[in-house]
Amino acid sequence: MKKLQQISLLLCVLALIVTLIGVIQNNSLLYRFGGLSTAFTLAFGIAAIESLKGYQYTTWIITAVVAGMLFPQAFTTWGGINLRDKTLILVIIQVVMLGMGTHMSLHDFKGLATTGKGVLVGLFCHFSVMPLMGFLLTKIFHFEPEIAAGIILIGSCSSGLASNVMVYLAKANLVLSVIVTAMATLVAPFLTPLLMKTLAGTLININFLDMMMEIIKIVLVPIGAALFHDFLKNTTPSQYEKALKAVIISALWIGFVVFFSNIIQKVELRQSFILSGFIAGAIVAGFVYHWLYKNFPIIDKIMPYISMFGIIYFTTVTTAAGRENLMKVGFLLFLASVIHNAAGYFFGYWLSRLFGMDKNSSRTIAFEVGLQNGGMASGLAGSMGKLGTVGLAAAVFSPWMNISGSILANYWRKRQVKEVNSENKILFP
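Here the structure is a predicted model, which means the values were calculated and not measured.

**Focus on the overall build of the protein chain**
A count of helical and extended segments in the protein chain gives 16 helices and four strands. Its C-alpha radius of gyration of 22 Å places the protein chain within 12% of the 22 Å reference for a compact globule of 429 residues. Its C-alpha atoms put the protein chain at 70 × 65 × 50 Å along the principal axes. When burial is assessed residue by residue, the protein chain has 51% of its 429 residues classed as buried. Partitioning the intrachain contacts of the protein chain with sequence separation of at least 6 by distance along the chain shows that 76% fall at a separation of at least 24. Carbon together with sulfur atoms contributes 69% to the accessible area of the protein chain, which is approximately 20,700 Å² in total. Here the protein chain contributes 30 positively and 16 negatively charged side chains, and the mean placements of these two sets differ by 6 Å.

**A look at unusual backbone geometry**
A positive phi angle is found at asparagine 26, which is not glycine, with a value near 55°. Structurally, asparagine 26 can be placed in the loop between α1 (2-24) and α2 (28-45). With phi around 55°, lysine 171 is a residue other than glycine that occupies positive phi space. Considering the arrangement of structural elements, one finds lysine 171 in the loop between α7 (161-170) and α8 (174-199).

**Overview of the packing of helix α4 (residues 86-101) against helix α15 (residues 374-384)**
For the pair α4 and α15, the least separation of the axes is 9 Å and the interaxial angle reads 165°. Relative to α15, α4 is oriented roughly antiparallel. The crossing of α4 and α15 is left-handed. Touching Lys86, Ile89, Ile93 and Met97 of α4 are Gly375, Met376, Gly379, Gly382, Ser383 and Met384, all from α15. Here the contact of α4 with α15 is built from residues that sort into five nonpolar, four polar and one charged.

**So, the pattern of salt bridges**
Under the criterion given, the structure shown has four salt bridges. A salt bridge links glutamate 214 to lysine 217, with the shortest nitrogen-to-oxygen separation between them at 3.7 Å. Note that glutamate 214 and lysine 217 are positioned in helix α9 (residues 208-233) at a spacing of three residues, about one turn of the helix. Here glutamate 324 makes a salt bridge to arginine 323, at a shortest N to O gap of 3.3 Å. On the basis of relative accessible area, glutamate 324 is assigned to the exposed category, the value being 53%.

**What about the confidence of the model for the protein chain?**
Here the protein chain shows a mean pLDDT of 86. Residues at 70 or above account for 96%. Mean pLDDT in the protein chain bottoms out at strand β4 (residues 426-427), which sits at 36, and peaks at helix α6 (residues 145-156), which reaches 93. Below pLDDT 50 for its whole length, residues 420-429 participates in 17 contacts with residues either more than four positions away or in separate chains.

**Thoughts on α7**
Three- or four-residue spacings in an α-helix give side chains the same orientation, since the helix completes a turn every 3.6 residues. Within the sequence span of α7, burial applies to Leu161, Ser163, Asn164, Met166, Val167 and Ala170. Its buried side turned inward, α7 meets α4, α8, α14 (359-370) and α16 (392-413). Once α7 finishes, lysine 171 follows within two positions and takes phi at roughly 55°, a positive value.

**Brief notes about the layout of surface pockets**
Taken as a whole, the largest pocket spans an internal volume of roughly 1,200 Å³. In terms of lining residues, the largest pocket is bounded by 36 residues, among which Tyr57, Ala162, Val165, Met308 and Asn402 are the most central. Contributions of two or more residues to the lining of the largest pocket are made by α3 (56-70), α4, α7, α12 (299-321), α15 and α16. Looking at side-chain class alone, the lining of the largest pocket contains 18 nonpolar, 15 polar and three charged residues. Taken as a whole, the second largest pocket spans an internal volume of roughly 650 Å³. Along the wall of the second largest pocket there are 25 residues; nearest its centre are Lys86, Asp210, Glu214, Lys217 and Ser383. Counting residues per element, the ones that place at least two in the lining of the second largest pocket are α4, α9, α11 (267-295) and α15. With seven residues, α4 is the single largest residue contributor to the lining of the second largest pocket. Classifying every residue of the lining of the second largest pocket by side-chain character gives 12 nonpolar, seven polar and six charged.

What counts, and where the lines are drawn
- Residues numbered from 1 in each chain as written.
- Predicted model: local features only at pLDDT ≥ 70, side-chain atom pairs only at ≥ 80, totals over all residues.
- Heavy atoms only, no water.
- Helix = DSSP H or I, 4+ residues; strand = E, 2+ residues; numbered from the N terminus.
- Rg over C-alpha atoms; globule rule 2.2 N^0.38 Å.
- Buried < 20%, exposed > 50% of the residue type's maximum accessible area, 1.4 Å probe, protein only.
- Contact = heavy atoms within 4.5 Å.
- Areas by Shrake-Rupley, 256 points an atom, 1.4 Å probe, with all protein chains shown as cover.
- Lys, Arg positive; Asp, Glu negative; His and termini not counted.
- Charge placed at Lys NZ, Arg CZ, Asp CG, Glu CD.
- Axes fitted to C-alpha atoms, helices over the stretch in contact; angles between N-to-C directions.
- Parallel < 35°, antiparallel > 145°, perpendicular 65-115°, else oblique.
- Left-handed = near helix turned anticlockwise from the far one by under 90°.
- Nonpolar A, V, L, I, M, F, W, Y, C, P; charged D, E, K, R; others polar.
- Salt bridge = Lys/Arg side-chain N within 4 Å of Asp/Glu carboxyl O.
- pLDDT = per-residue confidence, 0-100.
- 1 Å grid on protein atoms, 1.4 Å probe; cavity = no way out; pocket = protein on both sides within 12 Å on 5 of 7 lines; lining within 4 Å.
- Points joined across faces, edges and corners; volume = space filled by probe spheres on them.

Below is the structure:
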């Protein structure tokens, strides 16, 4: 594999030369294919360089942006399928979140009692600093309303699993990171719509209930399925039998919801009825995934790659849909992403220190605050039918968050902190 990656890097150099020739000759076909080839070969080959191996996923995200920018028409419909269809977007984002959820477990929540203060500090910083900073940036840069709303949206979303990875690389407080991510995900259905209604309500129409329902479908249902799978892994025979009954009842309820949902006239009642079907779907999906896991254990190793593919899909389609807007405000949007992200790290760390947390836990909170769930933001933008405007910030912010997070994690990894706990034991010697 490494040999192929090294060859890919050589091809990257050739593709870059072709791109430059195309630019000089003003040959759009040449520089478009050359540019995409440069990005693709770099993304595949970068793993051959040991010091840059950790940035491979980020380069794939950048490749998705390049593809969307250079060939926007190629990512509108495939075989008559609208790539921006709301139902398709919902299914893909649920698969992405399921993949993320398989890296969570019920055991993660057991540390809540010992990390209560850190979790409260993390949640407070995350759902105050980032949405307010997003709101401030919209006032400074004067973006169009829907693009501005997208910046506030990504600031109002929960943290994603990228923060857990960065905390692990930095050798900070991983237990705290996992719990803060889990709790931020659980409260997002209530806090994200509230923040959007408060801060972005004058920019676009925000229906609190609709957005809350969408977040439950997009985030909590697939993660609930993953946690149900985790529960089934450790059940006793009697518990498994009870779980199987719950699965059968849930499957029957889904059929009932599908058959009778259109009969209910009152909108709020119909939404709640449909949502109950999605919740039942989480139980069925968790059982199906558990069956696949038992018969094909490799699925646990494949799911992260499926999640990555889903995020790359969103990035490509979003970039293609918002290409014209990116041509106008792309640089300013990138600048906003750098400021937004840096503010998260800065305030996350120093507010944690102000609240009396140790340095390793403060580093953890810095990542939890600075790194947002771009997939969630993209999914919500897609559910609004505004992928090319509201979803644009997520497409630009996500690659930079991965780059900056990796840089900061490696920096802190080389400067580990010797913390002394109550029993005078040295942590991270």
